[in-house]
Each structure stands twice: as structure tokens, then as C-alpha cells.
Amino acid sequence: MSRRRPPRAVLGSIAIAAVALAALFAAPITLGDEPASGAGPEVAELESTGESAVDLLDDRHRRFLEEVEPLLTSEERAAFLTLGHSYRRDAFIRRFWRLRDPQPRTSRNELRDLWQERARRARELDPTLTSDPARAVLLFGEPRSRRPISCSALRHRVELWSYPDGTDRLAGPLFLVFQRVRQDELRLWTPARGLLSLLSLEVRPGRTRDQQLATLGSACLRGDELIGALSQTISDDRFAPAVVYTPPGAEWIRTFVARSTELPDDAGTLDGSLALTFPGRHQSRTVVQATVALPRTEVTASDLATLNFVVDGEVLRSDDGGDERLFEHFRYRFDLPAATLGDRVPLVLQRPLRPGDYRLIVRVEDVNAGRFYREARAVTVPRVEARRVAKTIAEDGTVHEVELHSTGTDDPSDLAARAEAAGFAEANASISTGDHSVRLLPLSDELQVGRVRVEARTRGDDISRVAFSLDGKQIFAKRRPPYSVELDLGSGPDLHIVRADAFDAEGTRLASDEMAINAGPHRFGVRLIEPQAGGSYQQSVRVHAAVEVPEGEQLDRVEIFLEDTRLATLYQPPFEQPILLPEPGATTFVRAVAHLVNGGSAEDAHLINAPDVTDEYRVQFVELFVSAIDRDGGFVEDLKRDELEVLENGVRQEIRRFEAMRELPIRASLVIDTSQSMEPSLRDVERAAYRFLEEVVTERDRAAVVTFADEPELRVRFTNDREILAGGLGGLSAEGETALWDALLFSLHYMSGIPGKKALVLLTDGEDSGSRYTFDETLAFARRTGVAVYVIGLGLVNSQLSARGLMTKLARETGGDVFFIESSKRLEKIYDLIQLELRSQILVGYQSSLPSDSEGFRTIELRTARGGLELRTIPGYFP
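Read on for a plain summary of the structure. Each chain has its residues counted from 1, running along the sequence as written. Side-chain atom pairs in this predicted model are given and counted only at pLDDT of 80 or more, local residue features only at pLDDT of at least 70, and totals for whole chains, interfaces and linings cover all residues. Based on all heavy atoms of the structure, the side-chain values leave hydrogens and waters out of the count.

## Regarding the packing of aromatic side chains
Geometry of aromatic contacts follows a simple scheme: Phe, Tyr and Trp rings, the Trp one being its six-membered ring, pair when their centres are within 6.5 Å, and the pair is stacked under 30 degrees between planes, edge-to-face over 60, tilted otherwise. The final tally for this structure, using the stated rule, is 16 aromatic pairs. Ring geometry for Trp741 and Phe775: centres 5.2 Å apart, planes at 65°, overall edge-to-face. In this pair, Trp741 is assigned in helix α16 (residues 740–751) and Phe775 in helix α17 (residues 775–785), connecting sequence segments 34 residues apart. Here's how the labels work: a residue is buried when its accessible area is under 20% of the maximum for its type, exposed when over 50%, partly exposed in between, all with a 1.4 Å probe on protein chains only. A residue is classified by how much of its surface remains accessible, and Trp741, at 9% relative accessible area, is buried. A relative accessible area of 8% means that Phe775 is categorised as buried. Note on geometry: a ring has a charge over it if NZ (lysine) or CZ (arginine) is within 6 Å of the ring centre and within 35 degrees of the ring normal. Over the ring of Phe561 we find Arg591, and its NZ or CZ is 4.4 Å from the ring centre. Counting from the N terminus, the helices are the DSSP runs of H or I reaching at least four residues and the strands are the DSSP runs of E reaching at least two.

Listed below in C-alpha cells is the structure:
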């Protein structure tokens, strides 16, 4: 296990500068051009692209490559040169800068604006941006001063560039030394070229380095200034990558290139047809429905008897100059049971577009056969007027009085595709026009207890009343604005769900909204808006999911299931998809499962067509993080799925997920006591805590730092930047009392809602002495957050049995562990044990078989037939 010391808060700027410049100017490959680790064969293939591809670019795109060369990785450059359309290159450029936006929440891209201004000034020196001075301006900006130095001791005249205040990435001062090798050429001098390359032949022979420097100082005007600059350019090259920019990984490039509507060379083709209809609108946008109908005989089923398709689409729109611009790209995946389909396979895509002229390109890949269907079509999107769709369902299940605006030809295949589109009419009847809405106003991020007032804002003339519910129980309804209600949340900081439903005079629900209270900033959830729980549907149903993404995370996809069969995967909003029902009116349930890029997931489900059912159908998917410990206290990682048995309330559960934790991301919070009594131990605490973070935090992981005395303070939000984490741990000071339970609640609240493995590591040396909340309230909240609490009690003597007992109970009840040590010198060892356990655990997932409406604490028991093992996880959970 490596032992590395925390980095300094500020890197030595002069020590960094010269080596960075050596890498940037002396080497043929610029900094950032090294291939990212784990580059796949796709990237290797791209890198073989010849330089002649640059000659095929227009001036605008060639200019982009020139300007961003120091920021561009070799994979990005190769990918850019493979793009065959101007609109694809423009989309690449937008994505390129978005990934490098230092403050993505603002309207500006500060790096792009800075870079473009520097490029403008650099081109004044060299229109091609290839000379050393032009690249220096591009990388570091214009210098404060440029001083020419000329004397007989120099081989060439020298120009000294000075940045006394440093640059945006380096704390100053910074000096650059250029040699005028020709009248019109300045070449950067670097330490790798050696001091002799600066000196004239008369100064070189038989002299030591110090003598040569002395000659420079005495013979040259401003010689001392030159010597000072040269002496500050010698450095260690291990910090060079920090100078300019840390590029994103290669994954985005592979994704961008893969999501294309072009056909691969020698690709097999599929027969099919495309129909465009306009089944509704949402506010000012028209819902465009593209239905691709493929003959069943053309497609291939998998070994699991499913038909699997990936659909990529592009919507293009011409700008004022007539050039096409990529308006949006969309991707879908369909996994359809072959047994439920007839002679034609319908794939339905829906995109909301404003009225106007577009060009739509759709490419469908039959995953099982590697064959493709592709079609490009011009489309004029009409303005669809608002109306209430009246639908009647006949005994045979057919839907009448549903209007479909359509466009297309009278070609028989196109007419057949339009007939397939009509099969989704019942689902499309529930498209929301967006004319009515209700929105709950958010409360503050602080923990909410006691009586709080919640307000809802509405839009729409037909709203007759707004009903409020708390945790699934309706508590109040108002018939006129302001629509607000006072809620009693109780004395404990529990998680609550508030819902507001807007109804018309006939009792039809027009809009709804939900809000989680005390969920924390990292809540990850998905909520089904359609279909309605307990609703009746015959031929088709519209699935509409709303997703809440945690702070700092990225949504990967939303999957749509009919019971346990995945039908569609959506990779971009809006997350709305019509699906066909295999049996008209049959009782079933619809699920939506959202996945984050880091592997976390959340789901929601509604039961439909069930007689006399009005409550929501909930599917409780439980994730357990299990530690298997042998007789010697070591962690066992080779436990097999069939060796483990899980019981919930004594009922055996079917294990559906079984995965080693080393493949999963971790979110860890270090909560450190900085009360007055911690003063003698703080330096040891800093060193041990940083070493723990070094071992735990990889590229996929995140860590946060919280300190507390009289009150908690979030010193570092979740990040994987070790330098930021080191800064948060540096300079801790001890003062005040110990508000232990308040600090734990604050930290748990901050972590609640995070998917996946969550660990809170608490270090304290004392009992609580002034918290607002009690231990019981803290424990109850901890049980509901799913955060494993690891407690390190420092110097807690045996007489403090009460404190030791409470800490032990907190750790055991949350699936963590507790350690009592006498000296802070042992902290590194304890932190090592914790990080080892976090990486050695096994993720076990199951779908609870207990009734969804059962309340109260559900106990969990683990069993294994393998002898000599202790299995440790949470003792249970609240549904």
C-alpha cells in the first residue's frame, strides 16, 4: 500500500513553468496529446487518420484545430478529422468546450472566452499559431513586459518575457526566455537545451557553469535579470501536467463518434418504412412521432427470443446562411419480445419540436444481425391547436375519436407505417399540452422539523382546486389561491414527500408535482407521471418519467419496463415513451428505472388495470453492502451468489444483483471533531485523513470533508480532486464544544439520496455537549439514509461507557464499524482498515417480496453455509 504525502496547497510556480514549457515547445507532441489510459480499439483506429484530412476542412474548422491544439488530445483530433459533415464538426466543437467549462452552472464559458481572446492576440504575432511566441501567448496570455537583451556573450539576441503575477493556472512570477535565431523568428529556450546553447563560442571553452553565468551578468545589459530568470527555470517535471489543463477522458469521444446516423462501410441493409405524425403538443412545441415499421421477416431474434434495436437520430435545421446545424441528436434502444409481435415491428420515437422546417435522419441497427435501416426526410412541423382528446374504447379494445395529423406519401409501405402509428393512439391521448401546471416552491436546504408552510404555484384557467398530501395521505385541499398549507413534520428530521394535485371542476387531475423534504442535495429519484396508478388501459399506454439527478452527477439513461421485461431505453429527455400492451386490459405494472453514469440507479412503478386499486404500486429494490470476515479478521472477497441467503422479516429473498465493491464508486464523508480538546491531535488527524482519502478516492469516487465543534461546517463538497481535499484538511484549528449529534445529522442530510455505497467516517474524542438533536433522532435518520457510519473514538476512556455504547450502536445499526484508540498515532492504521473494508465489500440486491403497503422496520438476516465466516450488513431498513 503506497504512502504518499499530501501535496502542497500551492505548487511552486517557477518550478513548474520551465518543465511545462519544455514539454509544450521542445517536444513534437503538445501537452495533453498523450492517449488516455484504457483507450479502446475505436480510438486506435481513429489515430491512424492521415494529416491530409486537415486539407479537406473548411477554413472555420481548420482554424479551430489551430487554436485549440494545446488543449486537444490526440484522440479528439483524430475523431474530429473523421467527421464527414460540417454540422457534426460544429456539434463536436460545442461539446469540446462544454466539457472544459470551468463553471458549467454559469451562462459563460470562461475558458473558451479567455482562449479565443488569447488566440486573437496570438495571431497578431503569427497567423498560423505555430511559432513559439504565438503559442506562449495562447498558453499564458500576453506578458507584462518584453525586454530585449543583447551582448557579445550570447550566441543570439535574447528576449525576456515577464509575468510577475503569474498566470491563471500558475502563481507567479513566471519568466520565458526566447532566442532570436533569425530576424523574424524567436525560439523558446528551455533547460533541456542546456546553458551552452545560449552562449557564444568565445564564452564556452574551459569555463565552469558559474563562470559562464558570471560572464553573462557582467557582459550583458540586464544580465542579472537574465540570470535570475534562467536560475528559476530548473525544476522537477512531475508537476508539468498541472500547468495548462487536465483534459477529459476518451470516453466522450467514443460516444460521440458512435452516435452517428452514417452507415458503416459494407453494412447490410433492412427494408422498412417511416411515418411521421403529430399526435399532440406541449406548450409551444409539437410532438413529432416517427414510427419505423420493419418487416418481421427482415429482423433477427436473439437467443433470448427478443428483437433488439438501437436507433440514432438527428434533427437538422438550416441557419440564416443556409448551412445545416445539428438541432438535436437522440438515441433509443428497443428490446421487444418476439412472441408478442405480428408481421411488422413498430419502433416509435417522439420528439417535441417547435413549428418549422427540419430535416430528420433516422438510423436503426438490428443489433442481432448487424444490419441497418436509414432514412432522411424533410419535415414541416405544424402548429397543433390545443384541444381535449375525447376517446372511447370499444369492447374489442379499439380506440375511436383520436385525431392524428400526419405527413408522408401515399406509398403503401408509408401507409403501413402510419397504420402502425395509429396503434399508439390511446397512449397519445394522454399527452399533456402543458396548459396547466402546478409547482411546489422549494424549502431551504436546512433540516425541516415542526410546522412548516408549503406553497404551490399554478398555471391554467380551469384549475378548480389543489389538494395537498403528505407521505401519501391527503391532508388538505384549497379552492382558491394562494394555494398553501401548513404541515406538521414532527420533532424528528425525517424524510417526507409532499404532493400537490390540481383538479378541474369535474375532478379530472390536470397537473401534479412532488417534493422531498429533508432529502439533501444529492437525492436521486425517478417518478412516473404516466400511466396513472390504478388507471385502465387497453391497447397502449404512455410512460412519462420525471428524473431528479443528484448534485454533481450525470444521468446515463432511463429504462422502461413492462413488469420485468425491458422494452425501451431512453438516453435523453423528455423521458416519455408510448408502449403497446400485449393483452388488452390485463393487470400489469409499468416500471421506470433511471441509471447514473457512475452506476447508481433509482426506480418507480405503477400498477394498472387492477380492479378497485387506487393506491400506488411500489417496487422495493433493496441494496445491501455485505462484509464477509473470516476467523482471522480478514475480508473475504470470493463469496459466491449461491453461498449466500438473504431473509427479510424471515422470508427468503431472490438475489438479483451480486457484485464486488471494487468495481463500484464510493461516496465518503470525513467528519472531524475540531473542538478544543482535539488541539494536541490535529496534525496527526490531518495526515491520517489525507492518506485515507488518497487510498479511497479514485476517478469515479467522491469525498467530502465536514468539521464541527459548536456547529458543523462543510469544508469541502463532494469531489475527487485531491488537492482540494488536501486544502480542506489543512490548517484545522481547535476551539469550542462538541455538538456531535448535530454534526452527524448535518452530514447525513448532506449525504442522503446519494445512490450506491455511502460511508461516513466520524472522528471524535468526546461526548456530545450541546446538540439540538438527540441520539435517537440521529439514529432514526441514519437508518433511513442508507449511510454506513464508521466511528473512531479517540481517547475515550473506559469510564465513558455511555458514549462508547452509543457510538457502537450507531455504527452497528448502519452497517459500519467502531474503533476506540488511545493515541492519534494509530489513526493511519484505523483508516487503512476502513478503506480496505469499503473496497472488499459485496453488493447484494434483491426485490422485496413483502407487500408494498407493509410499514415499520423490516429486519434483514444473512446466512451462509461456508463455515468460519461472519457476514455483516445493516440489520434492517424502513421501506
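Additional details are given in the paragraphs that follow.
## Focus: α17
Buried within α17 we find Phe775, Glu777, Thr778, Leu779, Phe781, Ala782 and Thr785. Residues count as neighbours in contact if any of their non-hydrogen atoms are within 4.5 Å of one another. Where the residues of α17 are buried, they touch α16, β37 (757–764) and α18 (801–813). Two residues or fewer past α17, Gly786 is found with a positive phi of approximately 75°.

## Quick look at the sheet that holds strand β1 (residues 145–149)
The antiparallel open sheet is built from four strands, whose spatial order is β1-β2-β3-β4. At either end of the open sheet lies a strand with only one pairing partner, and these are β1 and β4 (185–188). On average, each strand axis in the sheet is inclined to that of its neighbour by 30°, with strand direction left out of account. Strand pairing follows a simple DSSP-based rule, namely that at least 2 bridges must link the two strands. In the sheet, strand β3 (residues 174–182) pairs with β4 via four bridges, with the strands oriented antiparallel. Looking across to β4, one finds that Arg182 is bridged to Glu185. Taken strand by strand, helix α8 (residues 132–140) contacts β1, β2 (158–163), β3 and β4, and its axis lies near 160° from that of β3. Angles here are taken between N-to-C directions and fall from 0 to 180 degrees, while the axes themselves are lines fitted to C-alpha atoms, restricted in helices to the stretch in contact.

## Concerning the environment of Leu274
Within the secondary structure layout, Leu274 lies in strand β6 (residues 273–282). Using a relative accessible area of 1% as the deciding quantity, one classes Leu274 as buried.

## Description of the packing of α17 against α18
At their nearest, the axes of α17 and α18 sit 10 Å apart, and the two run at 15° to each other. If you check the angle between α17 and α18, you find them roughly parallel. You can see that α17 and α18 cross each other, and the crossing is right-handed. Packed against α17, whose contacting residues are Phe775, Leu779, Ala782 and Arg783, the element α18 presents Leu806, Lys809, Leu810 and Glu813 at the interface. Just so you know the grouping, Ala, Val, Leu, Ile, Met, Phe, Trp, Tyr, Cys and Pro go in nonpolar, Asp, Glu, Lys and Arg go in charged, and all remaining residues, Gly too, go in polar. Of the residues that constitute the contact of α17 with α18, the class distribution is five nonpolar, no polar and three charged. Under this scheme an angle from 65 to 115 degrees is roughly perpendicular, one under 35 degrees roughly parallel, and one over 145 degrees roughly antiparallel; angles in between are oblique. For a crossing to be left-handed, the near helix must be turned anticlockwise from the far one by less than a right angle; the clockwise case is right-handed.

## Some remarks on helix α6 (residues 86–99)
A helix is expected to span 1.5 Å multiplied by its residue count minus one. Taking 1.5 Å of rise per residue, 14 residues should cover 20 Å, and α6 covers 20 Å from first to last C-alpha, within 8% of that figure. Within α6 the residues assigned to the buried category are Tyr87, Arg88, Arg89, Asp90, Ala91, Phe92, Ile93, Phe96 and Trp97.

## Digging into the sheet that holds strand β9 (residues 324–337)
Remark on secondary structure: sheet strands pair via backbone hydrogen bonds, oriented parallel or antiparallel. Within the open sheet, the nine strands sit side by side as β5-β12-β11-β8-β9-β26-β25-β28-β29. Their pairing is mixed. Across the chains shown, the open sheet's two edge strands, defined by having one partner strand only, are β5 (268–269) and β29 (601–608). Inspection of the sheet shows strand β25 (residues 555–562) paired to strand β28 (residues 588–596) by seven bridges, in the antiparallel sense. Directly across from Ile560, in β28, lies its bridge partner Ala592. Of the strands in this sheet, β8 (306–318), β9 and β11 (356–366) are in contact with α6, which crosses β9 at around 90°.

## Re unusual backbone geometry
Residue Glu530 is joined to Pro531 through a cis peptide bond whose omega torsion reads 0°. Note that Pro531 resides in the loop between β23 (525–530) and β24 (540–548). At the junction of Pro573 and Pro574, the peptide bond is cis and its omega measures out at -5° in the coordinates. Looking at where Pro574 falls in the secondary structure, it is placed in the loop between β26 (565–570) and β27 (576–580). With a phi close to 55°, Asp471 is a non-glycine residue in the positive phi region. Among the secondary structure elements, Asp471 is positioned in the loop between β18 (465–470) and β19 (473–478). For Asp471, a relative accessible area of 41% gives the class partly exposed.

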